[in-house]
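In case you want the letters, here they are:
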Amino acid sequence: MEGVIDAHTRDLLTRRPGFDWTVTEFVRVVDARLPPRVFRRHCPELDAGVTTPSGVPVALQLLGSDPGALATNAEQALRLGAIAVDLNFGCPAKLVNRHDGGASLLRDPRRVRAAVAAVHAAVGSEIPVTAKIRLGFSHRRLALDCARAAEDGGAAQLVVHARTRDEGYRPPAHWEWVGRIRRHLRIPVVANGDIWSLEDYWKARTLSGCRDVMLGRGALADPWLAPRIRHWLATGEQLAATPWQARAKVLADFAALQRTTLPERVVTSLIKQWLNHMRQRDAEAARRFQALKRINDLETLLAGLGCKEPEPECNDLALA
Ligand SMILES: Cc1cc2nc3c(=O)[nH]c(=O)nc-3n(C[C@H](O)[C@H](O)[C@H](O)COP(=O)(O)O)c2cc1C
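Residues numbered from 1 in each chain as written. Predicted model: local features only at pLDDT ≥ 70, side-chain atom pairs only at ≥ 80, totals over all residues. Heavy atoms only, no water.

- Under an unreviewed UniProt entry, the protein chain has the name tRNA-dihydrouridine(16) synthase and belongs to Billgrantia sulfidoxydans.
- On record in UniProt, under Cofactor (unreviewed entry), the comment for the protein chain is "FMN". (UniProt positions renumbered as here; feature names shortened; annotations may be inferred.)

## Observations concerning the packing of helix α12 (residues 264-279) against helix α14 (residues 298-305)
Right, on to step 1. The N-to-C vectors of α12 and α14 enclose an angle of 30 degrees; their axes lie 9 Å apart at closest approach. The pairing of α12 with α14 is recorded here as roughly parallel in orientation. Two secondary-structure elements touch here, α12 through E264, V267, T268, I271, K272 and L275 and α14 through L298, E299, L301 and L305.
Right, on to step 2. Of the residues belonging to the contact of α12 with α14, the class tally is six nonpolar, one polar and three charged. (Axes fitted to C-alpha atoms, helices over the stretch in contact; angles between N-to-C directions. Helix = DSSP H or I, 4+ residues; strand = E, 2+ residues; numbered from the N terminus. Parallel < 35°, antiparallel > 145°, perpendicular 65-115°, else oblique. Contact = heavy atoms within 4.5 Å. Nonpolar A, V, L, I, M, F, W, Y, C, P; charged D, E, K, R; others polar.)

## A few points about the pattern of salt bridges
Right, on to step 1. Scanning the model with the defined rule gives 18 salt bridges in all.
Right, on to step 2. Note that R165 is salt-bridged to D166, the shortest N-O span being 3.0 Å.
Right, on to step 3. Where R288 meets E284, a salt bridge forms, and the shortest distance between an N and an O atom there is 2.7 Å. Highlighted residues: R288 and E284, both in helix α13 (residues 283-292), separated by four residues, approximately one helical turn.
Right, on to step 4. Owing to a relative accessible area of 17%, R288 belongs among the buried residues under this scheme.
Right, on to step 5. If you follow the salt bridges from partner to partner, you end up with R163, D194 and R217 in one network. (Salt bridge = Lys/Arg side-chain N within 4 Å of Asp/Glu carboxyl O. Buried < 20%, exposed > 50% of the residue type's maximum accessible area, 1.4 Å probe, protein only.)

## Notes on the sheet that holds strand β1 (residues 22-28)
Right, on to step 1. Taken in spatial order, the seven strands of this open sheet run β1-β2-β3-β4-β5-β6-β7, and their pairing is parallel. The sheet terminates laterally at β1 and β7 (212-214), the two strands that pair on one side only. Here the average twist between neighbouring strands, direction ignored, is 30 degrees.
Right, on to step 2. Pairing between strand β5 (residues 157-164) and strand β6 (residues 189-192): four bridges, direction parallel. Bridge pairing in β6 links V159 to V190. (Pairing = 2+ DSSP bridges.)

Below is the structure:
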């Protein structure tokens with residue numbers, strides 16, 4: 001997630017078993033071949049086995065509309081060691097769409113196909129090319145055509161964010177539409193959108209019929225969501241709700257990782273950004289956010305979160 005989930009966040013979110021793979025923030029492709037440093041900035045894991053420190057693979061995501069430029073940059077990514085290239089046809093940002101990127105291609109399935117086919121021709125014999133779409137731009141009438149276009153272009157897997165671009169992030173996510181798409185495709189289809197809890201996970205799976213789901217904001221709101229799902233699948237047992245101390249420990253670890261490269265001021269706002277995601281689903285996080293949102297000093301912020309001396313037992317959650 002652009003501006004939100006970087007390599008440090010991926011590291012923290014994959015420390016406990018839960019995720020099978022992760023995707024970088026998008027690398028914006030316009031025309032020229034981007035220099036290696038751009039790829040390494042988005043995906044520092046390129047120099048570390050292209051996995052998170054705990055061994056979860058990282059796919060590199062490209063966003064653009066020009067098939068030739070996407071192909072050239074996919075080649076560059078491959079040369080730098082990428083193990084999978086994901087193409088973003090879901091971004092709803094006005095600026096991105098105005099420049100003809102992200103979800104704007106969903107208005108014409110032929111363009112989705114051309115982009116995927118060009119990248120597949122460039123790297124598809126070496127590494128998988130995957131794609132991410134929404135259900136459409138303003139309506140869902142082209143949802144299946146866009147999905148088929150990605151498959152025909154050579155995508156090895158398709159993630160479907162179960163909303164149109166115009167629906168933004170507004171609930172509900174239309175998981176049953178992901179099921180319609182899945183039934184017509186041969187490649188694996190992954191359901192995405194509004195999975196915040198184990199119950200949502202199960203509903204999304206049931207309505208879409210997909211074996212796999214992709215988590216976005218839900219994993220930030222509850223860093224134990226993926227482990228919670230994994231644990232339940234493996235044992236049928238439900239983990240207890242994530243206690244505040246465990247969340248605070250994640251934020252403290254995040255601050256320590258970010259401080260190795262970023263100034264205190266930037267780290268302070270990143271911590272507040274993550275806390276803002278947590279507060280959507282947690283009353284204690286909401287209370288702390290309200291009390292701390294104007295604090296601009298990192299030490300005071302961490303103290304206010306109660307994570308000056310993180311509790312070691314926060315690493316594990318008890319069973320419910
Ligand atoms: C701030 C923000 C940044 C995002 N950046 C990306 C991105 O770079 N690439 C991408 O494929 N999706 C991106 N997304 C979309 C999410 O990956 C996901 O598809 C969407 O939020 C719906 O899933 P969720 O309800 O689980 O969050 C972003 C979403 C948000 C809110």
